[in-house]
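Survey of secondary and tertiary structure
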Amino acid sequence: MGVPPMCMTETAMPRGAHPSFLLSSDSEFSPRLANGLYSRAMKCPFEFILEATDPGCAARAGRFATPHGVVETPIFMPVGTQASVKALSQEDLYALNAKIILSNAYHLYLRPGTEIIEEAGGLHRFMHWDRPILTDSGGFQVFSLAQMAKVRPEGVTFQSHIDGSRHVLTPEKAMDIQIAIGADIIMCFDECTHYPATYEKAAASMRQTMEWAARCKAQWEAREASGQALFGIVQGSTFQELRQESAERLVEIGFPGYAIGGVSVGESREDMRAATEWAAARLPVDKPRYLMGVGSPEDFLDGIERGVDMFDCVMPTRNARNGSLFTSEGKLNIRNQRFQRDFGPLDPACKCSVCRTYSRAYLAHLYRAGEISALRLNTLHNISFMLELAAAAREAIRAGRFLDFKNTFLEKYGA
RNA sequence: GGUGGGAUGCCCGAGUGGUUAAUGGGGCUGGGCUGUAAACCCAGUGGCUAACGCCUACGUUGGUUCAAAUCCAACUCCCACCA
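Attention here is on the structure that accompanies the text. These figures come from a predicted structure and were not determined experimentally. (Residues numbered from 1 in each chain as written. Chains lettered and ligands numbered in written order. Predicted model: local features only at pLDDT ≥ 70, side-chain atom pairs only at ≥ 80, totals over all residues. Heavy atoms only, no water.)

In this section: the overall build of chain A. Assigned secondary structure in chain A consists of 15 helices and 16 strands. For chain A, contacts bridging at least 24 residues in sequence account for 67% of all contacts bridging at least 6. (Helix = DSSP H or I, 4+ residues; strand = E, 2+ residues; numbered from the N terminus. Contact = heavy atoms within 4.5 Å.)

In this section: unusual backbone geometry. The peptide bond linking Arg 111 to Pro 112 adopts the cis configuration, its omega dihedral lying at 10°. In this fold, Pro 112 is placed in the loop between helix H2 (105-110) and helix H3 (114-119). A cis amide bond, omega 5°, links Val 294 with the succeeding residue Gly 295. Checked against the element boundaries, Gly 295 lands in the loop between strand S13 (289-291) and helix H10 (297-305).

A few words on the pattern of salt bridges. A complete count under the given rule lists 22 salt bridges for this structure. Between Glu 51 and Arg 63 there is a salt bridge, and its shortest N-O distance comes to 3.0 Å. Remark: Arg 63 occurs in strand S2 (residues 60-66) and Glu 51 occurs in strand S1 (residues 47-53); sequence separation between them is 12 residues. The pair formed by Glu 51 and Arg 63 is uniform in burial state, with each residue classed as buried. The residue Arg 273 makes a salt bridge to Glu 270 at a minimum N-O spacing of 2.5 Å. (Salt bridge = Lys/Arg side-chain N within 4 Å of Asp/Glu carboxyl O. Buried < 20%, exposed > 50% of the residue type's maximum accessible area, 1.4 Å probe, protein only.)

Turning our eyes to something else, we now look at helix H9 (residues 269-281). With 13 residues, H9 extends 18 Å between its outermost C-alpha atoms, agreeing within 8% with the 18 Å of an ideal straight helix rising 1.5 Å per residue. Every buried residue belonging to H9 is among Met 272, Arg 273, Ala 275, Thr 276, Trp 278, Ala 279 and Ala 280, and all of these are buried. On its buried side, H9 packs onto strand S11 (229-234), helix H8 (240-253), strand S12 (257-260), S13 and H10. (Expected span 1.5 Å × (residues − 1).)

A word on the protein's contact with RNA strand B. The full set close to RNA strand B counts 44 residues, and Cys 192, Ser 264, Val 314, Thr 317 and Arg 321 are the nearest of them. Taken together, the sugar and phosphate atoms account for 43% of what RNA strand B places within 4 Å of the protein. At a separation of 3.1 Å, a phosphate oxygen of RNA strand B approaches a polar side-chain atom of Asn 104. One of the side-chain nitrogen or oxygen atoms of Arg 335 is found 2.8 Å away from a base oxygen of RNA strand B. Counting only elements with at least two residues in the surface near RNA strand B, the list comes to strand S5 (101-104), helix H5 (139-144), helix H11 (315-321) and helix H14 (372-398). Take the surface near RNA strand B: its biggest share by element is five residues, from H11. Its residues placed into classes, the surface near RNA strand B shows 14 nonpolar, 20 polar and 10 charged. (Near = heavy atom within 4 Å. Polar contact = N/O pair within 3.5 Å; in protein donor to acceptor, adjacent residues only side chain to side chain. Nonpolar A, V, L, I, M, F, W, Y, C, P; charged D, E, K, R; others polar.)

Treat this as a map of the structure, not an account of what it does.
Here's what the structure looks like:
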C-alpha cells in the first residue's frame, strides 16, 4: 500500500492512534511527483513519512520530500538569514552534507528585494543551492526588532533596520514574499510572544497568530502555492492551555507541517521542554514538527526526545564566529589562553575536516589574529557537529535506543 | 652646537593645582550568545586584603603649597626644525 498523498490527508489522526500505516520499509523514498495519485501532483510534492518511533520516548525518525529533495529527520537546519550561512559558501554546505537550510523572507525582502530574487529565477538559483530551503516569514523580526515595529490585527508596520524606511507586513504579504522567493517550506506570519508574558498577553498574542495563520493558509491556497509546504506555528508562551489551544486551532486549519514557536526566548530549559511537550502532544503524528530557534546540543536532544523532527538555530554559527566551539566533551572557547600551546585536534572524537586537519593552537592563533579563516573553520566545525549529532540521533531512534544515546552523549558533554 | 616640543599604568594616548588608582582605545584575562540589526556584547586588568582599607604609582632628584601627574629648578632621555 502506498503512502496517502499529503494533500488529501491534512486532517489530524485521532489522538492516540498508532501511525502504523505511515511506517514505510522503503529505503528509497520518492516524492512521487507524477504517479497519478496526486490530483494536484506537481503542486503538492511535499510529503512526510514517519518511519520509526522510539520505544522509550516520543522520539521519531522519518523523512520528508520537497521539490528540491529528501530530508531525513530529525534534522538540524543551518541558518542562512540573508541567503548565506555566515562565513560559509554553498560549496562548504554541500561538503558538510547539509540537507536543508533556512533563510529569512523579511531580510531578503528588504535586501536585495523580492524582485531581484525573482529575476534570478528564485532563491535556489540566486544563491546556487539546489537542496531544500525553508524561509521564516519575518515573524521573528516582529519580536527581535520590536522597537521598530507596530503590531495591529491587520499586520505589522515596520521600520527597516537598514535605512529606516517604512514597510507593512501582513500575513498575505508574508505569503506573497515567500512564494516569490520560492522556498520549499514557508512559514506562517506569526508573532513570537515575548517572555515573560502574562496569561492575558500570551493569549491575545497567540490568538492573533491563529487568525493570521488562517489568513496565511487562505492566501497560500489562493496563490495555488501548494508546491511549497506551508507550516503553521504554535504559540502560547509558557501556558499549557494556550499551547494546547494553539496546536488544536492550527490542526483545525490544517497544514502540511507544524512548528512550535515562541521558545528559546529567555525561558528556562524546563519551560522550553514543557511548551514543546504540550504542543507536540496535540499535533498530528503524520506531520513534521519543527521547533523554531532551537538549539544548543542539549536542547536539540530534548526536542527530539519529545517528538520534534526539525530544528534550526543560529547558535552553532554565531557561537563559532565568537570562538565558542562544540566538542564531544562540552563547549570550549578557543580564545582561552590554555589553547595557545595545545597542538591536539579541536575535538578528537570529531571526524570533520577541521578536526582532522588543524590544531587547537592554530585555531586559537587564527582567532586572536582576527583572520577571516577562523570564522569559516569554526563555523564548519560547529555545523558539522550539529549535523553529526542529528545523524547519530536518527540512527539511535531507528535502533530503538534514543534515551541511551542521549544520556551517553550528555554524560560526556557535561550539560 | 642652537631653538622648540615631549617623557602618564603592558602599548598608544587624555588629563595642566584638590571626589585621580588616574578618561578613551588597543592588548591581555574571563564570561555570554537559542526562528541572526551579532567577526558581537559584558566584565575585569598596579600590589596586599574576604571586606573596610592600606601601600605604591604619571622620566629622575629636589623645591613651592594645606594639597602636585598638573607649578618651579636641575638632571637624564626622546622627537622636530635650523646649523
